Amino acid sequence: MFLPADGDNELVADSIAQAKHRRPVLLDVPHREPQLGDGDLDLAPHNACPPEVDVERGLVPAEGHVGRYVLDLTVATPHLRGEVVDLGLLPLANLLYEHPPLCCCPGQGGDHQQRGQEDRGCQPPHKPSQKGMAHPVLRLTINCSGAMLTLLAGGLSVRDERPIHYRIFGMAKELEREGKPVIHMEFGDPYVEVDPEIVHSMCMSALSGHTHYSQPAGLDEFRERLAEHVNKRFSTSFSPSNVVVTPGSKIAGYLAIRALARPGEKIALVSPIWGVYYALLREAGVEAVDIRTSFESGWVPDEEAVHEAVERGVKAIIVNNPNNPTSVVLSREVVRAVAEIAGERGVYVIADEVYLDFPRGGFYSFLETGYENVVALYSFSKSYAMTGFRLGYAVADERVISEMTRLLQLYFTNVPEFIQHAGMRALEMPWVVERVTRTMWGRTDFLASELRRLGFEFVYPQGAFYVFAKVPSPWRSGAEFCEALIREKYVSPAPGEGFGGYSGFVRFSATAGIEVLREAVERIRSFLEEHGG
Ligand SMILES: Cc1ncc(COP(=O)(O)O)c(C=O)c1O
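About the thresholds
- Residues numbered from 1 in each chain as written.
- Predicted model: local features only at pLDDT ≥ 70, side-chain atom pairs only at ≥ 80, totals over all residues.
- Heavy atoms only, no water.
- Pairing = 2+ DSSP bridges.
- Helix = DSSP H or I, 4+ residues; strand = E, 2+ residues; numbered from the N terminus.
- Contact = heavy atoms within 4.5 Å.
- Axes fitted to C-alpha atoms, helices over the stretch in contact; angles between N-to-C directions.
- Buried < 20%, exposed > 50% of the residue type's maximum accessible area, 1.4 Å probe, protein only.
- Right-handed = clockwise from strand over helix to strand, strands pointing away.
- Polar contact = N/O pair within 3.5 Å; in protein donor to acceptor, adjacent residues only side chain to side chain.
- Salt bridge = Lys/Arg side-chain N within 4 Å of Asp/Glu carboxyl O.
- Near = heavy atom within 4 Å.
- Areas by Shrake-Rupley, 256 points an atom, 1.4 Å probe, with all protein chains shown as cover.
- Nonpolar A, V, L, I, M, F, W, Y, C, P; charged D, E, K, R; others polar.
- Phe/Tyr/Trp six-rings, centres within 6.5 Å; stacked < 30°, edge-to-face > 60°.
- Lys NZ or Arg CZ within 6 Å of the ring centre and 35° of its normal.

Side note on the sheet that holds strand β15 (residues 494-495)
As summarised here, the arrangement of the 3 strands in space is β13-β16-β15, forming an open sheet in which the pairing is antiparallel. Only two strands of the sheet have a single partner each, and these edge strands are β13 (466-470) and β15. Alignment of β15 against strand β16 (residues 505-509), held across 2 bridges, turns out to be antiparallel. Looking at the pairing, Ala494 lines up with Arg507 of β16. Contacting β15 and β16, helix α15 (residues 478-489) crosses the sheet at an angle of about 45° to β16.

Written as structure tokens, this is what we have:
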């Protein structure tokens, strides 16, 4: 479905085409190696758009420029095309796209000028060029409103907006392919065998025919057990209608964001935080409002900063407690204070509590505050080491759960029944949680004490299996440190840049077994020595 620009809008299309003469619209992701630091690449928020078309970023003007725009993008990767199409545009029917691409044009180099001229009168479909690599062109026709600008920006920001540690993981994998003995410390996958009984129950479920479409929110029986599980733990009174089962808690987080905020609205997050949240917010076209904390304050949020965020009209605050990357556990008082401040304006708290089983001392959940506007996120990935099962759930009021379920059905249909049966079996085996947490405490203590011996500074991990340490000199940033460590010693931690721009820090995951961690520490020691540390 393609609508040619008409009337006044032709002018706008024209100005875009002219802008193209000066700056070609070429999304260049695949033509360059992923760079450390790319995670910081950010698009200007749509409402801060410059008045003229910023072709490179694909932004079109904001206020007062409602109308139809035509924008041709040279899409050098199907990945981008997929992202644009999958961006969650379905509910916003005023973005029309032609898919598959309209025409193929030559790639980079001197062709741009010529391509820009062609574009002015470009009528689809064009024949693929004979010259060089063909890059498909995706023509977007945009009926432009504020919301649309956000979407467009979101679409183009997929240049490479994965959290930086995903790309570090890519580099590490590349070195592994070259046969290098890489030690992964950048991911949060506890390397503990999934209990065979859980695997067995999944197989039995599949073999007995639980292999069809199912209820989008999750099996009634499973939701009932999950509600009971939560109620028993936190003395709450949730019913199955307060629970939605999701393909991992990451998706629960995304669905919560989508349920609570529209494109162009704001959500705050207490950082540092698992960096995926920034990407999820961008995907949803939602502006991130950072509530920053500091090493000096023990990574505990300042009440005043939470107040300020709430006053900025945010729709929700994302709090990850226990925290990834700092492993800090917030006290009951702090949790209550955040809930209270949110309550002053009825702002939701999205409480990511996937590490709830790891604190060595107590853990106080946002669900225990009695505050009603809480969406709590949980996972089977950490407590049961079931990362590959992709199983999580959210607990919230019925209105939010039903909106999350609507979106889940649209995108994912449902979590497979045999996976849910595995989850049900896991709930009956609390000793598995005990085993996983004890194993992870042992590893975390080992890593933390060894890193301390090497001179690293950090807040001692209290409730997750990460050490978030200051970058030692002479390195100037987490990205620089990580890049050098991977290239020289094949040890791959995650730079602090990926957790909300904390470039002075680096996160080490204690997910591997002790022997692997010992080897990692040895390599880090020799790395520091070779660099005069
Ligand atoms: C804080 C946090 N939330 C959510 C997730 C996602 O977990 P899941 O595997 O349930 O999607 C992670 C994974 O590392 C995490 O660290």
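Remarks on the pairing of strand β7 (residues 266-271)
Within β7, 5 of the 6 residues are buried, which leaves it mostly tucked inside the rest of the structure. For β7 and strand β8 (residues 287-292), the ladder comprises 6 bridges, and the chain directions are parallel. Looking at the pairing, Ile267 lines up with Ala288 of β8. Traced from β7 through helix α9 (residues 276-283) to β8, the parallel crossover comes out right-handed. Bridge analysis of β7 against strand β9 (residues 316-320) gives 3 bridges, and the strand direction is parallel. Bridge pairing in β9 links Ile267 to Ala316.

So, the side chain of Thr369
Counting through the fold element by element, Thr369 comes out in the loop between β10 (348-352) and β11 (374-379). At 3.1 Å, the side chain of Thr369 forms a polar contact with the backbone nitrogen of Tyr371. Apart from the residues within four sequence positions on either side, Thr369 is in contact with Val335, Arg336, Ala339 and Tyr364.

Regarding the pattern of salt bridges
Scanning all chains against the criterion turns up 25 salt bridges. The partner of Arg225 in a salt bridge is Glu428, and the shortest N-O contact between them spans 3.0 Å. Of this pair, Arg225 sits in helix α7 (residues 220-234) while Glu428 sits in the loop between α13 (417-427) and α14 (430-453); the two residues are 203 residues apart in sequence, bridging distant segments of the chain. Of the charged contacts, one joins Asp357 and Arg233 as a salt bridge, the two residues approaching to 2.6 Å between their closest N and O atoms. In this pair, Asp357 is assigned in the loop between β10 and β11 and Arg233 in helix α7, connecting sequence segments 124 residues apart. Overall, Arg233 belongs to the partly exposed group, its relative accessible area being 37%. Within this structure, Glu197, Glu221, Arg225, Arg425 and Glu428 form a network of salt bridges that share partners.

Focus: the site of the ligand
Asp352, Tyr355, Ser379, Ser381 and Lys382 are the nearest of the 13 residues found near the ligand. Separating an oxygen atom of the ligand from a side-chain N or O atom of Lys382 is a distance of 2.7 Å. For the ligand, the protein covers 93% of the area, taking 400 Å² as the surface of the free molecule. Taken together, the residues that form the shell around the ligand break down as 3 nonpolar, 6 polar and 4 charged.

Considering the packing of aromatic side chains
The geometry of an aromatic ring pair comes down to the distance between the two centres and the angle between the two planes. All chains considered together, the criterion is met by 26 aromatic pairs. The interplanar angle of 25° and the centroid separation of 5.2 Å between the aromatic rings of Phe380 and Tyr384 together place this pair among those described as stacked. For the residue pair Phe380 and Tyr384, the accessibility class agrees, reading buried in each case. A connected cluster of aromatic rings, assembled from ring pairs, spans Phe295, Trp299, Phe468, Phe499, Tyr502 and Phe505. Its guanidinium or amino end placed over the ring of Tyr502, Arg292 lies 4.1 Å from that ring's centre, counting from NZ or CZ. Here Arg452 stacks its cationic end above the ring of Phe458, 4.3 Å away from the centre of that ring.

Everything listed here is a matter of coordinates, which is why it stays silent on function.
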